[in-house]
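So you can see what is in the structure, the chains are spelled out below.
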2 protein chains.
Amino acid sequence: MELVFRGGTILAIDAQHRVVTGDVACIDGAIVHVGGAYTPTTDAYDIVDCTDCLVMPGLAQAHVHSCQTLARGRADDLELLDWLRRVIWPYEAALDDATARASAELAYAELLLGGTTSVLDMATVHHTDAIFAAAQTAGIRATIGNTLMDAADPAIPAGLRDTTQRALDESARLCAAWHGKAGGRLRYAYAPRFVPSCTDELLAEVGRQATARGVGIHTHASENLGELALVEARFGRRNIEVLDRFGLLGPHTCIAHCIHLTAEERALLAARGAHVCTCPSSNLKLASGVCDVPALIAAGVGVAIGADGAACANNLDGWLELRLVGLLYKPKAGARALPAPEVVRMATLGGATAMGLGDVTGSLEVGKRGDVIAVDTTAPHVTPARAPWSIAAYAAKAGDVRHVAVDGRLVVRDKALLTLDVSKVKQRARAAADRLFK
Amino acid sequence: MELVFRGGTILAIDAQHRVVTGDVACIDGAIVHVGGAYTPTTDAYDIVDCTDCLVMPGLAQAHVHSCQTLARGRADDLELLDWLRRVIWPYEAALDDATARASAELAYAELLLGGTTSVLDMATVHHTDAIFAAAQTAGIRATIGNTLMDAADPAIPAGLRDTTQRALDESARLCAAWHGKAGGRLRYAYAPRFVPSCTDELLAEVGRQATARGVGIHTHASENLGELALVEARFGRRNIEVLDRFGLLGPHTCIAHCIHLTAEERALLAARGAHVCTCPSSNLKLASGVCDVPALIAAGVGVAIGADGAACANNLDGWLELRLVGLLYKPKAGARALPAPEVVRMATLGGATAMGLGDVTGSLEVGKRGDVIAVDTTAPHVTPARAPWSIAAYAAKAGDVRHVAVDGRLVVRDKALLTLDVSKVKQRARAAADRLFK
């Protein structure tokens, strides 16, 4: 089966920041052609019109919580630890398979319609099969982990705290069941929630087992000063050092937030090849702070961008987040800091690399998988559209995304999601949220 | 003529932060009914369906430059003074009546489609009649000023520098021609660009003549440290003191930006009843800094929100800006700083008040003019939509705006602009931009 994105302006996200015009074509899910005219080789082809569109790799968000979407608008104006203890942990404890799936389907619908083709997704402690099933149906490229929480904390609802062994067994089971499924589109990642919610034994085992199974690690660190104080009280060290001592830092590790880091911690991340995913809306809204992205880049750390969850950022909108990353650092670092092409690269190839998929997706290059989006540039808020990098970094909105393919398969065509019935997804989400918050 | 917004969830933006359900009705442009069921009194009525919509006052942006829209994407990653001297002033000098009008029509189309019903708009040095004509046709409520620049500065293109007398004469002429026209929807405001671009004589005369004519004053101040240095070198004082000495501070003054203020300057603004319009995207992107909105509010200064121009913020999107205001201050001031209802009020009634229209628009109250919008809350990125303030502050997007009325007249219905042919507006804008940047 051939899929052709025809006649756009192409941001390939290659080393030369190339902008070319013409077609992007995929055969059997892989990109076979970028730029210039493409002639299908068989009769089994589908052509989508990309006139007046930017054609680019889909956004790759390396930190989301699809299971939290039903708590959108239910937990505003709280700082992180209050937000977790008062709303999010009780909410996650109340989820069942059906509500978890409803939440994830809503998340994936929003993400795909907005041009995000890959996510690194931290589920909750249970119901991770339901999240995988939602990703399988929605057609998104998803690396998902069962959240690991086995430490004693009276604020954690009983249903949400696991034993160490059960947490590890469940990850092993999920990894065997889902990692590499759907032609490699679905993958597993170990997801210790954050240091305070995990015992030493669990952290050490996660390092060993993730390495043994060849899968990634996805966690949070240094998001909040209260969290830092808990870690320092327990270990007399800072988060990144603790993660390193337990063998959790490597090129397949992605750590969300990393707001409160020392230069030594940044150097350690760089030395280990670990990645950071910054989530600016979430970090501002939970009063956590601002991740020093320019310092991470200067230290040689790979940076990705994510929306976190709808319960904190309220949207799962990669464009809002990448625009924020483009804007936030200029007052301190100068107007040329993080220029448009660099931010767009961070939101695509940077995200793919952070989730261990840098060779698979994140750019439009022959041989990579066909994770391709077309962004309409004719709306008044983009007109006159003569500067493609500027459009992608500063002017385009999620609502401008016209076509989306994952693995060379069209999942959004002319702004309509083809894989899920969006009106039913919304209906189930509303009903599930009403049950959960009653 | 009666216009009924039927069956929404209404954010009235009154003193009690009331949320009610039902209808909002206007007769002959004025609001006559808010909440509960409304029965038209005559046969000459129009009903718009607001099922699953938030119905609220339109956004009031108290600082925009509609004449700069054609430079969208042409001046990225520059700090303010470079941005003005290298791109914006040469661009403004190259405008003619047709290109100025094309720029303003594009701006007003984007603004109205995105739910902004009122703007305080700084035009350029010439062609302000064309900007007024665009506002008249578009149907937006606009307070517009001819930009005043008479100081010697080799960086200002010859065509853009006015003599003091001509600048004042042109303002007087424009004020007579347009102030109060279109049933009061169009108004004039004196618009000295900023202190460095104006002579002492001009500044003093603006204070006198604006007062004499009973019109507002719209300027920029303390946006950039280079600007501050110019002002301090010339006067040995800070911006706000200088404006006060020339009689420019009063309840009908709106000053954009105000990033670099002392506590004394904030107190002086409060004492004079002058307003500040913060433009967070623009301030970040031009590397200017972040206006200390919580400090202004604590000092008793009225704060409004604006997108500035498409040449700096890239969009003219009131929702992006109000969301940013809601997020930016939480890391320093706490998660409860500027909670959702306060930010929504700032973006509506705050803006109206800053442009001298606090008694006319900015809230849905019987007797005010019918500047009403309906925001659809059924998109996946808003679902499940159970918290109206949260939706308005954090989740809604410009693309969710379904209906818009100004002065009780429908200008957007089911996301279509009724007053301008948008495809022609875009066509003229593209052609004009290509001419200007050739």
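Bear in mind the structure is a predicted one, so any value in this text is a computation, not a measurement.

Chemist: Lay out the overall build of chain A in plain terms, naming residues and giving numbers.
Modeler: Helix and strand counts for chain A stand at 15 helices and 18 strands. For 438 residues, the compact-globule formula gives about 22 Å, and the C-alpha radius of gyration of chain A, at 20 Å, lands near that figure. On the principal axes, the C-alpha backbone points of chain A span a range of 60 × 45 × 40 Å. Within chain A, the fraction of its 438 residues that count as buried is 68%.

Chemist: Would you mind going over the interface of chain B and chain A in detail, with residue names and values included?
Modeler: Opposite the 55 residues of chain B that make contact, chain A presents 55 residues. In total, chain B and chain A occlude about 4,500 Å² of area from one another, counting both sides; carbon and sulfur atoms represent 57% of this. Between chain B and chain A we count six salt bridges in total. Arg386 of chain B is paired through a salt bridge with Asp434 of chain A; the nearest N and O atoms lie 2.9 Å apart. Our count for the contact surface shared by chain B and chain A stands at 30 residue pairs in polar contact (both at pLDDT 80 or more). Contributing elements (two or more residues each) for the side of chain B that touches chain A: helix 2 (97-113), helix 9 (280-285), helix 11 (318-328), helix 12 (330-333), helix 14 (388-395) and helix 15 (422-436) of chain B.

Chemist: I'd like to hear about the side chain of Thr143 of chain B, residue by residue, with values.
Modeler: All names here are of chain B. For Thr143, the position within the fold is in strand 8 (residues 141-145). A polar side-chain atom of Thr143 sits 2.6 Å from a polar atom in the side chain of Arg187. Residues in contact with Thr143, not counting those within four places in the same chain, are Val119, Leu120, Asp121, Arg187, Tyr188, Ala189 and Leu357.

Chemist: Outline the pattern of salt bridges, listing residues and values.
Modeler: One pass over the structure, following the stated rule, counts 56 salt bridges over all chains. Of the charged contacts, one joins Arg238 of chain A and Glu232 of chain A as a salt bridge, the two residues approaching to 3.7 Å between their closest N and O atoms. When its relative accessible area of 34% is taken as the criterion, Glu232 of chain A is described as partly exposed. Among the salt bridges present, the one from Asp14 of chain B reaches Arg18 of chain B, with a minimum N-O distance of 2.7 Å. The exposure class assigned to Asp14 of chain B is buried, which follows from its relative accessible area of 5%. In this structure Arg18 of chain B comes out as partly exposed when scored by relative accessible area, which is 38%. A single network of salt bridges, built from pairs that share partners, joins Arg141, Arg369, Asp371 and Asp407 of chain A.

Chemist: Residue-level account of the packing of helix 11 of chain B against helix 13 (residues 340-354) of chain B, with values.
Modeler: The relative placement of two packed helices comes down to the angle between their axes together with the axis-to-axis distance. Residue and element names in this part refer to chain B. In the contact formed by helix 11 and helix 13, the axes pass within 9 Å of each other and the chain directions differ by 140°. Looking at the two axes, helix 11 sits oblique to helix 13. Relative to helix 13, helix 11 is oriented so that their crossing is right-handed. Mapping the contact onto sequence places Leu322, Val325 and Gly326 in helix 11 and Val343, Val344, Met346 and Ala347 in helix 13.

Chemist: Break down unusual backbone geometry for me, citing the residues and quoting the values.
Modeler: Residue and element names in this part refer to chain A. Geometrically, the link from Thr383 to Pro384 is a cis peptide bond, its omega value of -10° lying close to zero. Here Pro384 lies in the loop between strand 15 (372-376) and helix 14 (388-395). Despite not being glycine, Asp407 shows a phi value in the positive range, around 60°. Relative to the helices and strands, Asp407 resides in the loop between strand 16 (401-406) and strand 17 (409-413).

Chemist: I'd like a description of the nonpolar core, backed by residues and values.
Modeler: Core analysis: the largest hydrophobic core is formed by 261 residues, its most contacted members being Tyr108 of chain A together with Tyr108 of chain B. Discounting chain neighbours no more than four positions away, the residues touching Tyr108 of chain B are Ser66, Val119, Asp121, Ile131, Ala134, Ala135, Ala138, Ile140 and Ile144 of chain B.

Chemist: Any chance you could break down the confidence of the model for chain A for me, citing the residues and the numbers?
Modeler: For chain A, mean pLDDT is 97; residues scoring 70 or higher make up 100% of the total. Here the predicted complex carries an ipTM of 0.96, next to a pTM of 0.97.

Chemist: Hey, could you go over helix 3 (residues 128-138) of chain B for me, with residue numbers and the actual values?
Modeler: Residue and element names in this part refer to chain B. Of all 11 residues making up helix 3, eight are buried, and the element is well covered by its neighbours. Looking at helix 3, one finds that the buried residues are Thr128, Ala130, Ile131, Phe132, Ala133, Ala134, Ala135 and Ala138. On its buried face, helix 3 sits against helix 2, strand 7 (116-122), strand 8, helix 4 (164-178), strand 10 (186-192) and strand 17 (409-413).

Basis of the calculations
- Residues numbered from 1 in each chain as written.
- Chains lettered and ligands numbered in written order.
- Predicted model: local features only at pLDDT ≥ 70, side-chain atom pairs only at ≥ 80, totals over all residues.
- Heavy atoms only, no water.
- Helix = DSSP H or I, 4+ residues; strand = E, 2+ residues; numbered from the N terminus.
- Rg over C-alpha atoms; globule rule 2.2 N^0.38 Å.
- Buried < 20%, exposed > 50% of the residue type's maximum accessible area, 1.4 Å probe, protein only.
- Contact = heavy atoms within 4.5 Å.
- Buried area = accessible area lost by both parts, 1.4 Å probe.
- Salt bridge = Lys/Arg side-chain N within 4 Å of Asp/Glu carboxyl O.
- Polar contact = N/O pair within 3.5 Å; in protein donor to acceptor, adjacent residues only side chain to side chain.
- Axes fitted to C-alpha atoms, helices over the stretch in contact; angles between N-to-C directions.
- Parallel < 35°, antiparallel > 145°, perpendicular 65-115°, else oblique.
- Left-handed = near helix turned anticlockwise from the far one by under 90°.
- Core = buried A, V, L, I, M, F, W, Y, C linked by side-chain atoms within 4.5 Å.
- pLDDT = per-residue confidence, 0-100.

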